[in-house]
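Examination of the molecular architecture
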There are 2 protein chains.
Amino acid sequence: MSVPAVRRGRPGYDQRQILEIAVQVFIEHGYDATSVSSLAERLGLSKSALYHHYASKERLLELALDEAMGSLEAVLHEPGATVGPAGDRLEHVLRGAVRVLVDKLAFVTLLLRVRGNSDVERAALERRRAFDDQVTVLVRAAQAEGSVRADIGASVATRLLFGMVNSIVEWYRPTGPEGAAELADDVLAVALDGLRTH
Amino acid sequence: MSVPAVRRGRPGYDQRQILEIAVQVFIEHGYDATSVSSLAERLGLSKSALYHHYASKERLLELALDEAMGSLEAVLHEPGATVGPAGDRLEHVLRGAVRVLVDKLAFVTLLLRVRGNSDVERAALERRRAFDDQVTVLVRAAQAEGSVRADIGASVATRLLFGMVNSIVEWYRPTGPEGAAELADDVLAVALDGLRTH
């Protein structure tokens, strides 16, 4: 029985790496402007080899958006987001959202650029709206318990908070785990206590 | 001498309206994906009539980005941004930026979507960077005078502030002048004093 030959040279990309590179290409050139041919070329694969891994370009988008949204939604189900005073739960959700953005920077960047041009995109926008609604309910509960100021509407407050959080994808570049934790501290500090000295 | 006939029916668009509609089309379909033909069609003009008003699609983009950036830069030169304690000047700049975003919602939306795919886009990004740098200098001055907390880097603080401010283009829809002033109050409240009750 012969020993299988060791594969030499550049190894092929696995399923996961193909998804990650596709997400990168979608971000650089725009999803609509990216053809399967150009994607295959970037991966050094034939189109049929690419189709062997993923049924379509849209399937890659769907998986990427699902991973980004799924990670954000998971934060809402963590004990820190479901047990305790609403103010503490809100803080947990904000910190968790920053963590997801840093961990899944490219996937969330893609999610935030989605404009609703297809069923897959509209489904992702719908999940984003449902996520925002759940955070708004949390802000309202924190206002009712007195831990969050009630002179700003819960819906506007949620949008401003996530405006700040989501902007991270525009400028944050990973530099190490400390970077991410410090970033979350900074976001929490501005969001909860503001920039002004007291 | 005959009296000129009164023009009946739908009047043609003037120079300004063409620019505004073009900006709207760029936002809806993406600048790169918008052809001069589709733009002319949307305006109910022939391509040559459109070229009579503007030399190119890029010229429309350039004017739109210049108007958005020019309005933001003008805020930095207002007396409220140049005279007095740095903390007050920062507050003036944030309020002014919200005002510009609301007044020029479409133009600023386009500016914030620019990714640097041409010289015109790169020039706009360069002006945005210079604007951010000037705000960062202001934040640093406010930290030095003790009116803004110094435990957050001036650069990160500026980015979080403008993340919040810029997010307005994603969800704000004009409902009247009170809307804009209240929105500025809410942004200032969150940015300077935070959401937490004290």
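Residues numbered from 1 in each chain as written. Chains lettered and ligands numbered in written order. Predicted model: local features only at pLDDT ≥ 70, side-chain atom pairs only at ≥ 80, totals over all residues. Heavy atoms only, no water.

Chain A is annotated in an unreviewed UniProt entry as TetR family transcriptional regulator of Microbacterium murale.

1. Overview of the domain arrangement of chain A
All names here are of chain A. Counted only if it meets this: Each domain's limits were defined by an automated method or a database of domain assignments. Whether two residues are in contact is decided by their heavy atoms: any pair within 4.5 Å suffices. Buried area adds together the accessible area that both of two parts lose upon being put together, with accessible area traced by a 1.4 Å probe.
For chain A, the assigned domains read domain 1 (12-54) and domain 2 (62-193). When each unit is reduced to the centre of its C-alpha atoms, the spacing between domain 1 and domain 2 is 28 Å. Residue-level contacts link 10 residues of domain 1 with 10 residues of domain 2. Around 790 Å² of area is buried between domain 1 and domain 2 when both sides are counted, 69% of it from carbon and sulfur atoms.

2. Side note on the relation of the copies chain A and chain B
Filter applied, for reference: Copies overlap after least-squares fitting; the atoms used are the C-alpha atoms of residues with pLDDT of at least 70 in both.
With an axial shift of 0.0 Å and an RMSD of 0.0 Å, the rotation relating chain A to chain B amounts to 180 degrees. Put plainly, the chains are arranged around a two-fold axis. Taken together, the interface assignments show that 100% of the residues at the interface of chain A recur at the interface of chain B, consistent with an identical surface on both copies.

3. A short note on the UniProt feature "DNA-binding region" (unreviewed entry) in chain A
What counts, and what does not: UniProt positions are given in the numbering used here, feature names are shortened, and annotations may be inferred rather than shown by experiment. Numbered from the N terminus, helices here are DSSP runs of H or I no shorter than four residues, and strands are runs of E no shorter than two.
In the numbering used here, UniProt assigns the feature "DNA-binding region" (unreviewed entry) to residues 35-54 of chain A. As annotated, residues 35-54 of chain A comprises 75% helix and 0% strand, and the C-alpha atoms at either end are separated by 14 Å.

4. Digging into the confidence of the model for chain A
All names here are of chain A. Going by this rule: Confidence of the predictor in every single residue is expressed as pLDDT, which spans 0 to 100.
Taken over all residues, the pLDDT of chain A has a mean of 91, while the share at 70 or more is 93%. Taken as a whole, residues 5-9 scores under 50 in pLDDT and shows one contact with residues more than four places along the chain or in a different chain. Interface predicted TM-score (ipTM) for the complex: 0.86; the corresponding pTM is 0.88.

5. Some thoughts on the interface of chain A and chain B
As a reminder, the rule being used: By convention in these notes, a salt bridge is any Lys or Arg side-chain nitrogen within 4 Å of a carboxyl oxygen on Asp or Glu.
Between chain A and chain B, the contact holds 31 residues from the first and 31 residues from the second. Summing the contributions of chain A and of chain B, the shared interface buries around 3,300 Å²; its carbon and sulfur component is 60%. Taken together, the connections running from chain A to chain B amount to six salt bridges. The shortest N-O distance in the salt bridge between Glu170 of chain A and Arg115 of chain B comes to 3.4 Å.

6. Comments concerning the side chain of Ser167 of chain A
For clarity, the threshold we go by: What qualifies as a polar contact is a pair of N or O atoms within 3.5 Å, subject to a donor-acceptor requirement within protein and to the restriction that residues adjacent in sequence count only when both atoms come from side chains.
Here Ser167 of chain A lies in the loop between α9 (154-166) and α10 (168-171). A distance of 2.7 Å separates the side chain of Ser167 of chain A from the backbone oxygen of Met164 of chain A, its partner in a polar contact. For Ser167 of chain A, the residues in contact, after removing those within four places along its chain, are Phe162 of chain A together with Arg159 and Gly163 of chain B.

7. Notes on the packing of aromatic side chains
Defined as follows: Two rings belonging to Phe, Tyr or Trp (six-membered ring only in the last case) form a pair when the distance between their centres is within 6.5 Å. Interplanar angles under 30 degrees mark stacking, angles over 60 mark edge-to-face geometry, and anything in between is tilted. Whether a residue is buried, partly exposed or exposed follows from its accessible area with a 1.4 Å probe, protein chains only, as a fraction of its type maximum: under 20%, in between, or over 50%, in that order. Lysine and arginine charges are scored as sitting over a ring when NZ or CZ, respectively, is within 6 Å of the ring centre and within 35 degrees of the ring normal.
Tallied over the entire structure, the rule returns four aromatic pairs over all chains. On the numbers, 4.9 Å between centres and 80 degrees between planes, the contact of Phe26 of chain B with Tyr31 of chain B is edge-to-face. Overall, the relative accessible area of 2% leaves Phe26 of chain B in the buried class. Measuring from centroid to centroid gives 5.6 Å for Phe131 of chain B and Phe162 of chain B, while their planes differ by 90 degrees, and the two rings are edge-to-face. Of this pair, Phe131 of chain B sits in helix α8 (residues 119-145) while Phe162 of chain B sits in helix α9 (residues 154-171), and the two are 31 residues apart along the sequence. The pair Phe131 of chain B / Phe162 of chain B is uniform in exposure class, with both members buried. The side chain of Lys57 of chain A reaches across the aromatic face of Tyr31 of chain A, ending 4.2 Å from its centre.

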